[in-house]
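Structure assessment
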Amino acid sequence: MRKVVIIQMEFEWALYLIASYLVGCIMTGFLVAKLIKGVDLRLLGSGNIGARNAGRVLGPSGFVLTLAGDILKAAAVVWAGIQFQYPPYIQLLGFLAVILGHLYPIFLRFHGGKGVASFIGGMIIFHPISAVLVAAAFLLFYGIKRSLTVAGLFAFALTPFFYWLFEKQWLETLLLIPISFLVVYVQKEDIKERIKLTE
């Protein structure tokens, strides 16, 4: 009987992770651009389907809608994991899956966004204190470097440390490392541009 329960739990977790990835694949910016102007956001502005490019192409409403949608989808995935009373490490695997879906959506040939808004949304639900500290670190780094990209990258990279500081849970901390560094990694082109500008 116990073995059946374990198999059932593992099956539920697998479905949760698959669903999390598919939720991540819902690209808000792409959908908003199609609905508001009937255009493909990938062919306009910087070509990115995140909130910043949506704002450039569609105006403030495009920015707000895209940002809200990207935040909410990751927040919803983590919230669902909490409601189903899944262990924190399963919630984090769901968080990782939704980020992977956003970065590499199957519906758009694996060319997605940068994951910043989704990262913020997931962290706010998973560990609000860490999210607040990340925001504080972002403001601090922005005050020093005057660059949104650089400030965000430094702040996100500190997320696992902030979590460990309060919870002292190594498994969850280790899972937060690939989540935060994935978001940092996909900003590599922006980092190169910033380096060129400062040379």
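These remarks concern the structure in this document. (Residues numbered from 1 in each chain as written. Predicted model: local features only at pLDDT ≥ 70, side-chain atom pairs only at ≥ 80, totals over all residues. Heavy atoms only, no water.)

Once that is clear, we can look at the overall build of the chain. Regarding its fold elements, the chain presents 11 helices and 0 strands. In sequence order, the secondary structure elements of the chain are arranged as α-α-α-α-α-α-α-α-α-α-α. For the chain, the C-alpha radius of gyration of 18 Å lies close to 16 Å, the compact-globule estimate for 199 residues. When its C-alpha atoms are laid out on the principal axes, the chain stretches across 60 × 40 × 25 Å. For the chain, buried positions account for 43% of its 199 residues. Taking the intrachain contacts of the chain between residues at least 6 apart in sequence as the baseline, contacts between residues at least 24 apart amount to 64%. Summing over all exposed atoms, the chain offers an accessible surface of approximately 11,000 Å²; the carbon and sulfur share of this is 71%. Across the chain, the mean location of the 17 positive side-chain charges is 6 Å away from that of the 10 negative side-chain charges. (Helix = DSSP H or I, 4+ residues; strand = E, 2+ residues; numbered from the N terminus. Rg over C-alpha atoms; globule rule 2.2 N^0.38 Å. Buried < 20%, exposed > 50% of the residue type's maximum accessible area, 1.4 Å probe, protein only. Contact = heavy atoms within 4.5 Å. Areas by Shrake-Rupley, 256 points an atom, 1.4 Å probe, with all protein chains shown as cover. Lys, Arg positive; Asp, Glu negative; His and termini not counted. Charge placed at Lys NZ, Arg CZ, Asp CG, Glu CD.)

Once that is clear, we can look at the nonpolar core. Within soluble globular proteins, side chains that are nonpolar tend to cluster in buried spots. Grouped together as the largest cluster of nonpolar side chains are 32 residues, with contacts concentrated most on Leu92, Phe95, Ile99, Phe119 and Ile179. Those elements that provide at least two residues to this core are helix 1 (2–24), helix 4 (60–83), helix 5 (88–103), helix 6 (116–126), helix 7 (128–145), helix 8 (148–157), helix 9 (159–167) and helix 10 (170–185). In terms of residue count, the dominant contributor to this core is helix 5 (7 residues). Counting 10 residues, the second largest nonpolar core, distinct from the first, contains Val32, Ala33, Val57 and Leu58. (Core = buried A, V, L, I, M, F, W, Y, C linked by side-chain atoms within 4.5 Å.)

Together, Phe11, Leu15, Ile18, Leu22, Tyr104, Ile106, Phe107, Phe110 and Tyr185 line one region of the surface with nonpolar side chains, adding up to about 930 Å² of accessible area. Sorting elements by how many residues they give to the nonpolar patch places helix 1 first, with 4 residues. Here leucine 22 lies in helix 1. (Patch = residues over 30% accessible without salt bridge, like charges linked within 9 Å, V, L, I, M, F, W, Y side chains within 5 Å. Salt bridge = Lys/Arg side-chain N within 4 Å of Asp/Glu carboxyl O.)

For helix 9, the full list of buried residues reads Thr159, Pro160, Phe162 and Tyr163. The arc enclosing the buried residues of helix 9, seen along the axis, measures out at 160 degrees, which places them on a common side. Where helix 9 is buried, its residues touch helix 6, helix 7, helix 8 and helix 10. Just downstream of helix 9, lysine 168 is the residue with a positive phi angle, here 55 degrees. (Arc of directions from axis to C-beta.)

Here we come to the environment of isoleucine 179. Looking at the element boundaries, isoleucine 179 is found in helix 10. Remark: the alpha-carbon pair of isoleucine 179 and proline 160, spanning 19 residues in sequence, is separated by 9.2 Å. When residues no more than four places from it in sequence are discounted, the contact partners of isoleucine 179 are Leu92, Phe95, Leu96, Ile99 and Phe119.

The final tally for this structure, using the stated rule, is 2 salt bridges. Among the ionic pairs, aspartate 40 bridges to arginine 42, the shortest N-O distance being 2.8 Å. Among the ionic pairs, aspartate 70 bridges to lysine 73, the shortest N-O distance being 3.8 Å. Residue aspartate 70 and its partner lysine 73 are both found in helix 4; the two are separated by 3 residues, about one turn of the helix. The class of lysine 73 is buried, set by a relative accessible area of 7%.

Spacing of three or four residues puts side chains on the same side of an α-helix, whose turn is 3.6 residues. In a regular helix each residue adds 1.5 Å, so 24 residues correspond to 34 Å; helix 4 covers 33 Å between its end C-alpha atoms and thus fits that length. For helix 4, the full list of buried residues reads Gly62, Thr66, Gly69, Asp70, Lys73, Ala74, Ala75, Val77, Val78, Ala80 and Gly81. Note on helix 4: the residue one or two positions beyond its end, glutamine 85, has a positive phi of about 60 degrees. (Expected span 1.5 Å × (residues − 1).)

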